[in-house]
Amino acid sequence: MTGRNRGLTATGDGDAGDGSVQSSAAGVDDPSVDPTDDAGERDAVEGRTATARSGVAIAVDGLSKRFGDGPDAVTAVDDVSFEIRSGSIVGLLGPNGAGKTTLVKSILGMILPDAGTVEIDGIDVRKRPRAAYSRVDAMLEGARNDYWRLTVRENLRYFATIGGIDPDSVAERHERLLEQLELAEYADTAVRDLSRGMKQKVSLASVLAGDASVVFLDEPTLGLDVESTRTLEREIRRLAEERGLTVVLSSHNMDVIEAVCDRVLILSDGRLVADDTVDALRRQRGAQSLAVTSRDLTADVRADLEDRFAVTTVSHSGESTSIEIEVDGAELYDAMALLRDRDVRIDRLSTVEPDLEDVFVDLTGRQESER
Amino acid sequence: MSNPPASDASRPATYYHLARAVLYREYLIFVRYPANAIGGIVIGLIFFGFLFYGGRLLAGQAFTDSIEGLVVGYFLWSLSVGAYSSISNDIGSEVQWGTLERHVMTPFGFAPVALLKGVAKVVRTFLTSGVLLAVMLLVTGSTLQLHLFTVVVIAGLSIVSVLGLGFAAGGIAVLYKRIGNWLNLLQFGFVGLISAPAFDLGWAKLLPLAHGSALLQQAMVDGVRLWEFDVRALALLVGVAVGYLGLGYVVFRAATRRARRLGVLGDY
């Protein structure tokens, strides 16, 4: 996966107070930053801040939004801070009502936050919206996002223009985009005549038709079948890599997030409760486990296993016993060697990996119970 | 990486490209889905038929003598309704489609995009109302002075004020969804504004349409050319047009800003 860094720094709930920007991105090497160019002068002219030069595409600091007043007031976004580096794909997860849509719309200026700042490529969205909007586009949940009475190609041309790009200058890119999203054959078909999956792809294509370097995709695979979802996942990754796009992808579908995203932000009750790579979040949940079912898992064998490994589950069914052992790296071989030495004939064997859904339930469930 | 970076060859769009895109979209919808336009013309004609034949039945010769005034007034009314409802309904549709946000999130800023959309609606309305006017002249057998330049400028400036009202109504509909339909009833109030000159009220000139209606009657019935009008009368026409358009845009901005504060922009 070349060309994509995995750097995202966050100042979530825990350390939002100091306002510092931590660079957690080990080995981040942003090719877009050339220390020898005259970036300083240019940025001063364009009104961009230091974050732009440090390769940060989205900088959100202390963003809060409350709806309503008094006892009925709802805090939809609660002091959320994070930074997303250019070229990364970040998943935004959260249960219904967690504040995902409000957060995305607040970043885009479609909702006016009560507090906090948002910078896109170093441009303050509140102070200089027009400059910021030349860098960003969004596909919002549940919306068509395009004109169904126009053809696919007409939509691409129209929204490229609205996004500030002469459509003739990106005509070739549009053709490529149509090819990549398997829409070329339908380029001159009115969007209303396409299937739901196709419409979803057109919506994505229209968001990518301009020159936006940052795109927000809210539930891009909603209502798609498995095959269409996979195509879209693959293309989002490919387009992000080819164009160095920064993508913020919000979805309820954990598989999509796992397949596409470098990192994940998890929101619960308007607060950022997790911000890490998918792998790190999985590891946080626990190690890989080995599940073994056998009739030879006697009490002695189980005792031996428990002495040397972390045995998480033991269950009996008839003469069979099933056991789950946490194994980390080389421990797998040790566990298997022990089973062989004790003449355990294995009836069933599998490895169990914690998935993002487990992490999500842990984090958002815990958050709920703490309140 | 087989493909070059996406932004390699891209050039920024100018206002020309923006105008071309917005007007071309309107044109495409117009030619591809003519049923809406034709339906509007047919309904306009049926309504006019009731007025014309009913009026002749009730008032006889007196009505027939003033038929030119009625035709001009009806032409202006159809233009006004077209401009007002198309822009306010358009904003409602854009909210529903999720495209309004994309027009708000443009580096051009929403104002020029909205203005161009308004221009597109006015052009479209002129085409349909032009057809309506031609049929009305045929049906009534009356003749009018149709100096195209004068008529387009006077009628165009007259309905710009209504376009402003359309923006205001569209903005209010973004904020209070259900009110949108009720605001459509306002178009019947235009009849009063168009006939206001008949009452010869001085302050009525400051209302949308009223002063423009008087000038359009002079242009189309009496044959007064644009340059033959008093400069102050034309200045007032421009002032009213710009004033109401500005006011409408301010209301639209305030309404969408409140919608953004309440988090309901784009909700449907």
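Computed from a predicted model, the values in this text were never measured in an experiment.

Enquirer: Summarise the overall build of chain B; cite the residues concerned and give the values.
Expert: Of regular secondary structure, chain B possesses 11 helices and zero strands. For chain B, the succession of helices and strands along the chain, N to C, is α-α-α-α-α-α-α-α-α-α-α. Scaling as 2.2 N^0.38, a compact globule of 268 residues should have a C-alpha radius of gyration of about 18 Å, and chain B matches this with 20 Å. By the burial criterion, 52% of the 268 residues in chain B qualify as buried. Look at the contacts in chain B between residues 6 or more apart in sequence, and 81% of them connect residues 24 or more apart. Just so you have it, chain B exposes about 12800 Å², and 68% of that area is on carbon and sulfur atoms. Separation between the mean location of the 19 positive side-chain charges and that of the 12 negative ones in chain B comes to 11 Å.

Enquirer: A description of the sheet that holds strand S11 (residues 289-294) of chain A should follow, citing residues and the corresponding values.
Expert: Residues and elements named next belong to chain A. On the basis of which strands lie adjacent, the open sheet formed by four strands has the order S12-S13-S11-S14 and antiparallel pairing. Each edge of the sheet is formed by a strand with only one pairing partner; in this case those strands are strand S12 (310-317) and strand S14 (348-352). This sheet shows a mean twist of 15° between the axes of neighbouring strands, independent of strand direction. As judged from the seven bridges shared by S12 and strand S13 (residues 320-326), these two strands associate in the antiparallel manner. Note on S13: the bridge partner recorded for His316 is Thr321. Contacts from helix H12 (residues 331-341) reach S11, S13 and S14 within the one sheet, and its direction differs from that of S11 by about 15°.

Enquirer: So, the nonpolar core: which residues are in play, and what are the values?
Expert: Grouped together as the largest cluster of nonpolar side chains are 91 residues, with contacts concentrated most on Ile58, Phe82, Leu103, Ile107, Leu108 and Phe216 of chain A together with Leu216 of chain B. In terms of residues, this core owes the most to one element, helix H4 (residues 67-97) of chain B, which gives 14 residues. Those residues within four positions of Ile58 of chain A in sequence are excluded, and the remaining contacts are Phe82, Glu83, Ile84, Ile107, Glu119, Ile120, Val214, Phe216, Thr246 and Val248 of chain A. By size, the runner-up hydrophobic cluster in this structure holds 48 residues, among which are Leu217, Ala240, Val247 and Met254 of chain A.

Enquirer: Explain the interface of chain B and chain A to me, and be specific about the residues and the numbers.
Expert: In many reports, interface size means the accessible area that the parts give up when they come together. In this assembly, 45 residues from chain B lie in contact with 49 residues from chain A. When chain B packs against chain A, close to 4200 Å² is buried across both sides, 54% of that on carbon and sulfur atoms. It is Trp97, Arg102 and Met105 of chain B in chain B that bury the most area against chain A; as a group they hold 20% of the surface buried on that side. Linking chain B to chain A there are five salt bridges. Remark: the boundary between chain B and chain A carries 22 residue pairs in polar contact (both at pLDDT 80 or more).

Enquirer: Tell me about the packing of aromatic side chains, residues and numbers included.
Expert: Counted under the stated rule, the structure contains 16 aromatic pairs over all chains. Ring geometry for Tyr147 of chain A versus Phe159 of chain A: centroids 5.6 Å apart, planes at 20°, classification stacked. Separated by 12 residues along the polypeptide, Tyr147 of chain A in the loop between strand S6 (136-139) and helix H5 (152-162) and Phe159 of chain A in helix H5 bring together distant segments of the chain. The exposure classification of Tyr147 of chain A matches that of Phe159 of chain A, with both residues buried. When the centroid spacing of 5.4 Å and the interplanar angle of 55° are considered together, the rings of Tyr15 of chain B and Phe108 of chain B count as tilted. Taken as a pair, Tyr15 of chain B in helix H1 (residues 15-32) and Phe108 of chain B in the loop between helix H5 (100-104) and helix H6 (110-140) lie far apart in primary sequence, 93 residues in all.

Enquirer: Describe in detail helix H7 (residues 148-175) of chain B, supporting the description with residues and values.
Expert: Taking 1.5 Å of rise per residue, 28 residues should cover 40 Å, and H7 of chain B covers 39 Å from first to last C-alpha, within 8% of that figure. Across the 28 residues of H7 of chain B, 21 count as buried, placing the element largely inside the fold.

Enquirer: Tell me about unusual backbone geometry, and please be specific about residues and values.
Expert: Although it is not a glycine, Asp269 of chain A sits at a positive phi angle of roughly 50°. You can see Asp269 of chain A is positioned in the loop between strand S9 (263-268) and strand S10 (271-277). Phi is positive for Leu209 of chain B, which is not a glycine, with a value near 75°. Position of Leu209 of chain B among the secondary structure elements: in the loop between helix H9 (186-194) and helix H10 (210-221).

Enquirer: For the packing of H4 of chain B against H10 of chain B, give the residues involved together with the corresponding values.
Expert: Residues and elements named next belong to chain B. In the contact formed by H4 and H10, the axes pass within 10 Å of each other and the chain directions differ by 130°. The pairing of H4 with H10 is recorded here as oblique in orientation. Note on packing geometry: the crossing formed by H4 with H10 is right-handed. Residues Glu68, Gly69, Val72, Gly73, Phe75 and Leu76 of H4 form the contact with H10, whose participating residues are Ser213, Leu216, Gln217, Met220 and Val221. For the contact of H4 with H10, the per-class residue count stands at six nonpolar, four polar and one charged.

Enquirer: Quick one: what's the story with the domain arrangement of chain A, residue by residue and with numbers?
Expert: Looking at chain A, the domain boundaries give domain 1 (56-281) and domain 2 (287-353). Using C-alpha coordinates to define each centre, domain 1 of chain A is positioned 45 Å away from domain 2 of chain A.

Enquirer: Before we move on, can you summarise the environment of Leu247 of chain B with the specific residues and values?
Expert: Residue and element names in this part refer to chain B. Take Leu247: it is sitting in helix H11 (residues 231-262). With a relative accessible area of 51%, Leu247 lands in the exposed category. Along the backbone, Leu247 and Leu165 are 82 residues apart, and their C-alpha atoms lie at a distance of 8.0 Å.

Enquirer: Lay out the side chain of Arg102 of chain B in plain terms, naming residues and giving numbers.
Expert: The residue Arg102 of chain B is located in helix H5 in this model. In this structure Arg102 of chain B comes out as buried when scored by relative accessible area, which is 4%. Within the structure, the side chain of Arg102 of chain B is placed 2.7 Å from the side chain of Ser206 of chain A, a separation counted as a polar contact. When near neighbours in sequence (up to four residues on either side) are disregarded, Arg102 of chain B contacts Asp137, Ala138, Asn145, Phe159, Ile162, Ser206 and Val207 of chain A.

Enquirer: Requested: an account of a positive patch on the surface, with residues and values cited.
Expert: On the surface, Arg126 of chain A together with Arg253, Arg257 and Arg261 of chain B cluster together to form a positively charged patch. Secondary-structure assignment places Arg261 of chain B in helix H11. Judged by its relative accessible area of 36%, Arg261 of chain B is partly exposed.

So, how was this worked out
Residues numbered from 1 in each chain as written. Chains lettered and ligands numbered in written order. Predicted model: local features only at pLDDT ≥ 70, side-chain atom pairs only at ≥ 80, totals over all residues. Heavy atoms only, no water. Helix = DSSP H or I, 4+ residues; strand = E, 2+ residues; numbered from the N terminus. Rg over C-alpha atoms; globule rule 2.2 N^0.38 Å. Buried < 20%, exposed > 50% of the residue type's maximum accessible area, 1.4 Å probe, protein only. Contact = heavy atoms within 4.5 Å. Areas by Shrake-Rupley, 256 points an atom, 1.4 Å probe, with all protein chains shown as cover. Lys, Arg positive; Asp, Glu negative; His and termini not counted. Charge placed at Lys NZ, Arg CZ, Asp CG, Glu CD. Pairing = 2+ DSSP bridges. Axes fitted to C-alpha atoms, helices over the stretch in contact; angles between N-to-C directions. Core = buried A, V, L, I, M, F, W, Y, C linked by side-chain atoms within 4.5 Å. Buried area = accessible area lost by both parts, 1.4 Å probe. Salt bridge = Lys/Arg side-chain N within 4 Å of Asp/Glu carboxyl O. Polar contact = N/O pair within 3.5 Å; in protein donor to acceptor, adjacent residues only side chain to side chain. Phe/Tyr/Trp six-rings, centres within 6.5 Å; stacked < 30°, edge-to-face > 60°. Expected span 1.5 Å × (residues − 1). Parallel < 35°, antiparallel > 145°, perpendicular 65-115°, else oblique. Left-handed = near helix turned anticlockwise from the far one by under 90°. Nonpolar A, V, L, I, M, F, W, Y, C, P; charged D, E, K, R; others polar. Domains from an automatic or database assignment. Patch = residues over 30% accessible without salt bridge, like charges linked within 9 Å, V, L, I, M, F, W, Y side chains within 5 Å.

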